[in-house]
2 protein chains.
Amino acid sequence: MSLREKKKQDTRNRIFEVSGKLFKDKGFENTTVDEITKEAGIAKGTFFNYFPTKESLLCYFKEHKEAFIFSIMENQMSLNAPVKEKIKNFLVLVAEYYEKDKELLKLLFFEHKRLIMSSDQQSTEKKQRHQRQERFINMLSVFLREGVDKGEIKKGIDLKIASESLNAIYFHSLIIWLHSDTDSSFSRDMSAKIDIIFEGIGV
Amino acid sequence: MSLREKKKQDTRNRIFEVSGKLFKDKGFENTTVDEITKEAGIAKGTFFNYFPTKESLLCYFKEHKEAFIFSIMENQMSLNAPVKEKIKNFLVLVAEYYEKDKELLKLLFFEHKRLIMSSDQQSTEKKQRHQRQERFINMLSVFLREGVDKGEIKKGIDLKIASESLNAIYFHSLIIWLHSDTDSSFSRDMSAKIDIIFEGIGV
DNA sequence: GACCAAATATGACCGCAGTCATAAATGACC
DNA sequence: GGTCATTTATGACTGCGGTCATATTTGGTC
């Protein structure tokens, strides 16, 4: 690695670390780019050579988290257990992982939303996000297909719709939990809703 | 109504109208408070006497929309039909109503999120939102209870969890649809997912 | 080392959301 | 209609995110 690339990586990492620390300390809104750059020992303009906006930093934090989640998922998939349990375990593991750092997650989730919207249609960020979303749903689909094969899930079900429904439950529980001030359990709530998806409410 | 109150209402309405027009024309981000106030014939500071932030305007737009939705819901509730149909009809009506004005809704939904997060814990806005959410879920609960009474829904079901699941499906379909560039149908997607909630995917 | 092109860093500068001290308008009371 | 307290309007000002023309650093070539 050339000196140039080394320095580049260095600067990028320093911005990343410093901003992560400051966001946790003082919150996203209360941290200025000036502070970040001062703390990181660079000029303000330099920041924008690395990250197009202050908010875009959050994307990178989010990617970090999501990489970890996919690794959990792949672990679960290789286990030998009833599909319902595997899905539940997977989503509960994700939930528990999130529960560790609610505040940062709030930032990531909600600030991120705005970013998604303001970015133009062609933006790679938007496409990437879409891909991640699809990957998530596809993996849930794989779980479900296995369930069909093992006779644990009805044959006629549209797996895409079903996976999206699971995804919906998951995200909604997440949002509810993020909004709640009390420490109601994300994982318990979600678990109950997965039961509903499996068993249905109709007679 | 005194002259003072009259003028106040007038100014408030003018800001509301002008900003709605400008947001639709040029988008939320591209509309400045300066423009709004100039168009409305007031000074910039005056704007902030009526709305604490530019984003807070979106809340008021949203309230408008939501009032309408609750009225649809109450209509549906009084009908005589299978509960599943009533819920479906209700949610599809909401969906169709939304489909009319996707762009504004995007603004309302996503920009709004950020607002929610940045507002402090005690804020009335946050409480109000929570109440609306609860009201929505409670009304779904009423539908479901009727279903239980009429023998259309299993007896053992936790109605709160079930309502929240329906709510989750609804919101998720909404989000997916808002993100999609293509005009995939929000209402059709949601309808399929409601079937899943009723029938379950397990054998 | 001298020279050059490309990559990277810099900070003065700009536009906009939001503030605040001050001014104007209103209505109650005499 | 004069006086005064309260409410509402005003726009210069501040702070921050983001830009851009310019300066500096890097690494290849001789």
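In the block above lies the structure referred to throughout.
These numbers were taken from a predicted model, which means no experiment stands behind them.

J.: Explain the overall build of chain A to me, using residue names and the numbers behind them.
T.: Each helix and strand counted, chain A has nine helices and zero strands in total. Shown N-terminal to C-terminal, the secondary structure of chain A runs as helices and strands in the order α-α-α-α-α-α-α-α-α. Considering only C-alpha atoms, chain A reaches an extent of 65 × 40 × 30 Å along its principal axes. Of all 203 residues assigned to chain A, the portion counted as buried reaches 54%. Long-range contacts, defined here as pairs at least 24 residues apart, represent 68% of the contacts in chain A between residues at least 6 apart. Counting only carbon and sulfur atoms, one obtains 51% of the accessible surface of chain A, whose full area is about 10,100 Å². A distance of 3 Å separates the average location of the 34 positive side-chain charges in chain A from that of its 31 negative side-chain charges.

J.: Could you give an account of the environment of K102(B), with specific residues and numbers?
T.: Topologically, K102(B) is positioned in helix α6 (residues 102-118). With 95 residues separating them in the primary sequence, K102(B) and I197(B) have C-alpha atoms 26 Å apart.

J.: Before we move on, can you summarise the pattern of salt bridges with the specific residues and values?
T.: In the structure shown here, the tally under the stated rule is 21 salt bridges over all chains. Notably, a salt bridge pairs K150(A) with E152(A), separated by 3.9 Å at the nearest N-O pair. The partly exposed category is assigned to K150(A), whose relative accessible area is 40%. Classification of E152(A) as partly exposed rests on a relative accessible area of 25%. The closest approach of N and O atoms between E164(B) and K193(A), which form a salt bridge, is 2.8 Å. Residue E164(B) is located in helix α8 (residues 159-179), and its partner K193(A) is located in helix α9 (residues 186-199); the two belong to separate chains. By relative accessible area, K193(A) is classed as buried at 0%. Several salt bridges share partner residues, and in doing so they unite K84(A), K88(A), D195(A) and E199(A) into one network.

J.: Outline the protein's contact with DNA strand D, supporting the account with residue identities and numerical values.
T.: Around DNA strand D lies a shell of 20 residues, among which L3(A), K7(A), K44(A), K54(A) and A43(B) are the nearest. Put simply, 63% of the atoms of DNA strand D that lie within 4 Å of the protein are in sugar or phosphate. Here a base nitrogen of DNA strand D sits 2.8 Å away from a polar atom, N or O, in the side chain of K44(A). A distance of 2.7 Å separates a phosphate oxygen of DNA strand D from a polar atom in the backbone of K54(A). Those elements giving two or more residues to the surface near DNA strand D turn out to be α1 (3-26) and α3 (44-50) of chain A together with α1 (3-26) and α3 (44-50) of chain B. A total of four residues in the surface near DNA strand D trace back to one element, the largest contributor, which is α3(B). A breakdown of the residues in the surface near DNA strand D according to their chemical character gives six nonpolar, eight polar and six charged.

J.: Please provide a residue-by-residue account of the protein's contact with DNA strand C, values included.
T.: Surveying the vicinity of DNA strand C reveals 20 residues, the closest of which are L3(B), R4(B), K7(B), K44(B) and K54(B). Backbone sugar and phosphate groups make up 62% of those atoms of DNA strand C lying within 4 Å of the protein. Between DNA strand C and the protein, one listed contact pairs a phosphate oxygen with a side-chain N or O atom of K7(B) at 2.4 Å. Of all the secondary structure elements, the ones that give two or more residues to the surface near DNA strand C are α1 and α3 of chain A together with α1 and α3 of chain B. When residues in the surface near DNA strand C are grouped by element, the largest group, four residues, is from α3(A).

J.: Residues and numbers for the packing of α1(A) against helix α2 (residues 33-40) of chain A, please.
T.: Residue and element names in this part refer to chain A. Look at α1 against α2: their axes get within 9 Å of each other, and the N-to-C directions meet at 130°. By the angle class used here, α1 and α2 are oblique. Our pair here, α1 against α2, has a crossing hand that is right-handed. Here R14, I15, V18, S19, K21, L22, F23 and K26 of α1 come into contact with α2, specifically with E35, I36, E39 and A40.

J.: So what's going on with helix α2 (residues 33-40) of chain B? Which residues, and what values?
T.: All names here are of chain B. Listed as buried for α2 are V33, I36, T37 and A40. Viewed end-on, α2 has its buried residues packed into an arc of 90°, placing them on one side of the element. Those residues of α2 that are buried are in contact with α1, α3 and α4 (56-78). Among the residues trailing α2, G41 stands out with phi positive, at a value near 70°.

J.: Explain the side chain of T37(B) residue by residue, including any values.
T.: Residues and elements named next belong to chain B. By the element assignment, T37 lies in helix α2. The exposure class of T37 is buried, given its relative accessible area of 2%. Those residues in contact with T37 that lie beyond four places of it in its chain are I42, A43, K44 and F47.

Conventions we followed
- Residues numbered from 1 in each chain as written.
- Chains lettered and ligands numbered in written order.
- Predicted model: local features only at pLDDT ≥ 70, side-chain atom pairs only at ≥ 80, totals over all residues.
- Heavy atoms only, no water.
- Helix = DSSP H or I, 4+ residues; strand = E, 2+ residues; numbered from the N terminus.
- Buried < 20%, exposed > 50% of the residue type's maximum accessible area, 1.4 Å probe, protein only.
- Contact = heavy atoms within 4.5 Å.
- Areas by Shrake-Rupley, 256 points an atom, 1.4 Å probe, with all protein chains shown as cover.
- Lys, Arg positive; Asp, Glu negative; His and termini not counted.
- Charge placed at Lys NZ, Arg CZ, Asp CG, Glu CD.
- Salt bridge = Lys/Arg side-chain N within 4 Å of Asp/Glu carboxyl O.
- Near = heavy atom within 4 Å.
- Polar contact = N/O pair within 3.5 Å; in protein donor to acceptor, adjacent residues only side chain to side chain.
- Nonpolar A, V, L, I, M, F, W, Y, C, P; charged D, E, K, R; others polar.
- Axes fitted to C-alpha atoms, helices over the stretch in contact; angles between N-to-C directions.
- Parallel < 35°, antiparallel > 145°, perpendicular 65-115°, else oblique.
- Left-handed = near helix turned anticlockwise from the far one by under 90°.
- Arc of directions from axis to C-beta.

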